[in-house]
Amino acid sequence: MWIYEKKLQYPVRVSKCDPKMAKYLMEQYGGADGELAAALRYMNQRYTVPDKVIGLLNDISTEEFAHLEMIATMVYKLTKDATPEQLEEAGLGAHYASHDKALFFHDAAGVPFTATYFQAKGDPIADLYEDIAAEEKARATYQWLINMTDDVDLIDSLSFLREREIVHSQRFREAVEILKADREQKKIF
């Protein structure tokens, strides 16, 4: 069960209307290595892992939903004052034609979100290695997004998200080591 606090996990501020940056941020909203894919991946995997790591997957999954909310807020703030012409110039013309300024789960190229973005093998160690890779890809994407903007307020929020991906990767690495030790002691599979 979740308790929802009506505030973002970390403040999101932007200093200017920037539809092009919003387009790039859509990668973390509905892309293969974005926050929705991560949240759903971990929530799904938690049902087939040993009890020792269920809580970890649940906790990180719910935090990824908080990150999704932050990305949505960034995209909204970057586009709320944009004209249709500015959206088209930024490469969001097709998005505008279909959704106006509403958020829609797709990546920066406009490819709609699909469940094929994530796997659940059923082997806890294999799944955790995929989770580590997903976190590292998200970390890299956040760094590239940071490199693409000069908005110091946006950089602040993106830096927070990048650092959380590093922490998640570390936690998954620790979980792999715990499960490997259990495997060696024949406690699991």
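Residues numbered from 1 in each chain as written. Predicted model: local features only at pLDDT ≥ 70, side-chain atom pairs only at ≥ 80, totals over all residues. Heavy atoms only, no water.

### Looking at empty space enclosed by the protein
Overall, the coordinates contain two cavities of 30 Å³ or more when judged by the stated rule. By volume, the largest cavity is sized at about 90 Å³. The wall of the largest cavity is formed by Ala-22, Met-26, Val-75, Thr-79, Leu-87, Leu-92, His-95, Asp-100, Lys-101, Ala-102, Leu-103 and His-106. Mapped by element, the contributors of at least two residues to the lining of the largest cavity are helix H1 (19-30) and helix H3 (51-79). Partitioning the lining of the largest cavity into residue classes produces seven nonpolar, three polar and two charged. The computed volume of the second largest cavity comes to approximately 60 Å³. Along its surface, the second largest cavity is lined by 13 residues, and Asp-33, Gly-34, Ala-38, Ala-134 and Ala-138 are the ones closest to its centre. Mapped onto the lining of the second largest cavity, the elements with two or more residues apiece are helix H2 (35-45) and helix H6 (124-147). For the lining of the second largest cavity, the element with the most residues is H2, which contributes four residues. (1 Å grid on protein atoms, 1.4 Å probe; cavity = no way out; pocket = protein on both sides within 12 Å on 5 of 7 lines; lining within 4 Å. Points joined across faces, edges and corners; volume = space filled by probe spheres on them. Helix = DSSP H or I, 4+ residues; strand = E, 2+ residues; numbered from the N terminus. Nonpolar A, V, L, I, M, F, W, Y, C, P; charged D, E, K, R; others polar.)

### A short note on unusual backbone geometry
Of note in this structure, Asp-100 is not a glycine but carries a positive phi near 55°. Within the element layout of this structure, Asp-100 appears in the loop between helix H5 (93-99) and H6.

### As for the packing of H2 against H3
Look at H2 against H3: their axes get within 8 Å of each other, and the N-to-C directions meet at 160°. The orientation of H2 with respect to H3, classified from their angle, is roughly antiparallel. For the crossing formed where H2 meets H3, the hand is left-handed. In contact with Glu-35, Leu-36, Ala-38, Ala-39, Leu-40, Tyr-42, Met-43 and Gln-45 of H2, H3 contributes Leu-57, Asn-58, Ile-60, Ser-61, Thr-62, Glu-64, Phe-65, His-67, Leu-68 and Ile-71. Taken together, the residues of the contact of H2 with H3 break down into 11 nonpolar, five polar and two charged. (Axes fitted to C-alpha atoms, helices over the stretch in contact; angles between N-to-C directions. Parallel < 35°, antiparallel > 145°, perpendicular 65-115°, else oblique. Left-handed = near helix turned anticlockwise from the far one by under 90°. Contact = heavy atoms within 4.5 Å.)

### Some words on the layout of surface pockets
Its volume calculated, the largest pocket comes out at about 400 Å³. Lining the largest pocket are 13 residues, with Ile-3, Tyr-4, Glu-5, Thr-62 and Ala-66 sitting closest to its centre. Of the residues in the lining of the largest pocket, the class split is six nonpolar, two polar and five charged.

### Focus: the UniProt feature "binding site: Mn(2+)" (unreviewed entry) in the protein chain
According to UniProt, the positions carrying the feature "binding site: Mn(2+)" (unreviewed entry) are Glu-35, Glu-64, His-67, Glu-135 and His-168. Taken along the chain, the residues just named run across 134 residues; in space they keep tight, none of their C-alpha pairs more than 12.6 Å apart. Of the annotated residues named above, the ones that line the second largest cavity are Glu-35, Glu-64 and Glu-135. With sequence-adjacent residues up to four places away left out, Glu-64 is seen in contact with Glu-35, Ala-38, Ala-39, Tyr-42, Glu-135, Glu-165 and His-168. Note on placement: His-67 falls in helix H3. The exposure class assigned to His-67 is buried, which follows from its relative accessible area of 0%. If near-sequence neighbours (up to four positions away) are discounted, His-67 is found in contact with Gln-9, Glu-35, Phe-160, Leu-161, Arg-164, Glu-165 and His-168. (UniProt positions renumbered as here; feature names shortened; annotations may be inferred. Buried < 20%, exposed > 50% of the residue type's maximum accessible area, 1.4 Å probe, protein only.)

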